[in-house]
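Here is what each chain is made of, one letter per residue.
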Amino acid sequence: MKINVVLYHPEIPQNTGNIMRSCVGFHTRLHLIKPLGFSLDEKRLRRSCVDYFDYLDYRVYENWDDFKEKNSGEYYFLTRYGHKSPSTIDFKAAGDKEIYLIFGAESTGIAYDILKDNLDSCYRIPTTDKIRSLNLSNCAAIMMFLASEQLNGDDVVLRHEPDSMKGENFIDNIDVSSLDDVHREWRK
């Protein structure tokens, strides 16, 4: 396991559920640092994660110090206070080290003292001046994609629909004249 997502004090179960689903999709381990704003058996969390929870690799920690003590590697903090774009990160430079993409609570972000101690590793996903930041689950998905593209390429990220689902050539081979009324109506 090379890519890890860390949620520092996550509050909204739907966001965490979406991130869980993305972690499964990008073969990424999830780390949750307490306090959590929800229970891990909460219905909303499971609904957001859909039926992928059984495939999720995750760990829970009592606090930041507990997490740091158990996990070493390259830390990348995603925060609205970062001065660099994550597109400038060379994830391959980490070598054999684990990569940790660290995100803060939806309402308060990552604690200021943690950010101040790690200023050189703080990044901000660029946006317009109309918003403070993007949604947490969107940021996590963007970062998992960036890291996975650099580190894994085709080894983990499939470039087409797998045959176990509809398959790479599904659209090429579909007979549109056989679509049911629901699909015909949707196409209008």
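One can find the structure itself at the top, above this paragraph.
Per-chain numbering applies: the sequence of each chain, read as written, is numbered from 1 onward. Side-chain atom pairs in this predicted model are given and counted only at pLDDT of 80 or more, local residue features only at pLDDT of at least 70, and totals for whole chains, interfaces and linings cover all residues. Just so you know, side-chain values use all the structure's heavy atoms and leave hydrogens and water out.

J.: What's the story with the environment of Asp 65 in this structure? I'm lost.
T.: Here Asp 65 is to be found in helix H3 (residues 64-70). By relative accessible area, which is 52% here, Asp 65 ends up exposed. Distance in space between the C-alpha atoms of Asp 65 and Ile 33 is 9.6 Å, their sequence separation being 32 residues. Elements are defined by DSSP. Helices are runs of H or I of four residues or more, strands are runs of E of two residues or more, and each kind is numbered from the N terminus. Think of it in three bands: with a 1.4 Å probe and only protein chains considered, a residue is buried below 20% of the maximum accessible area for its type, exposed above 50%, and partly exposed in between.

J.: Quick question: what am I supposed to make of the pattern of salt bridges here?
T.: A side chain with one charge can pair with a side chain of the opposite charge if their charged atoms come near. Any Lys or Arg side-chain nitrogen found within 4 Å of a carboxyl oxygen on Asp or Glu counts as a salt bridge. Applying the stated criterion across every chain yields a total of six salt bridges. Residues Arg 29 and Asp 57 are paired through a salt bridge, measuring 2.9 Å at the closest nitrogen-oxygen approach. Of the two residues, Arg 29 sits in strand S2 (residues 29-33) while Asp 57 sits in the loop between helix H2 (43-49) and strand S3 (58-61), which places them 28 residues apart along the sequence. Put simply, Lys 97 and Glu 74 hold a salt bridge, and the shortest N to O gap is 3.0 Å. Remark: Glu 74 occurs in strand S4 (residues 74-78) and Lys 97 occurs in the loop between S4 and strand S5 (99-103); sequence separation between them is 23 residues. Judged by its relative accessible area of 25%, Glu 74 is partly exposed. Because the salt bridges share partners, they merge into one network encompassing Arg 29, Asp 57 and Arg 59.

J.: So what exactly am I meant to see when it comes to the pairing of S2 here?
T.: The side chains of a regular strand alternate, first on one face of the sheet and then on the other. With five of its five residues buried, S2 lies for the most part within the structure. The alternating pattern of S2 places Arg 29, His 31 and Ile 33 and Leu 30 and Leu 32 on opposite faces, both of which are buried. Taken together, the five bridges between strand S1 (residues 3-8) and S2 define a ladder with parallel strand orientation. Bridging from a neighbouring strand, Tyr 8 pairs with Ile 33 of S2. Once the chain exits S1 it traverses helix H1 (residues 13-25) before rejoining the sheet at S2, and the crossover so formed is right-handed. Bridging between S2 and S3 involves four bridges; their strand directions are parallel. The partner of His 31 across the bridge, within S3, is Arg 59. Two strands qualify as a pair provided DSSP detects at least 2 bridges between them. With strands facing away from the observer, any crossover in which the path from the first strand over the helix to the second runs clockwise is taken as right-handed.

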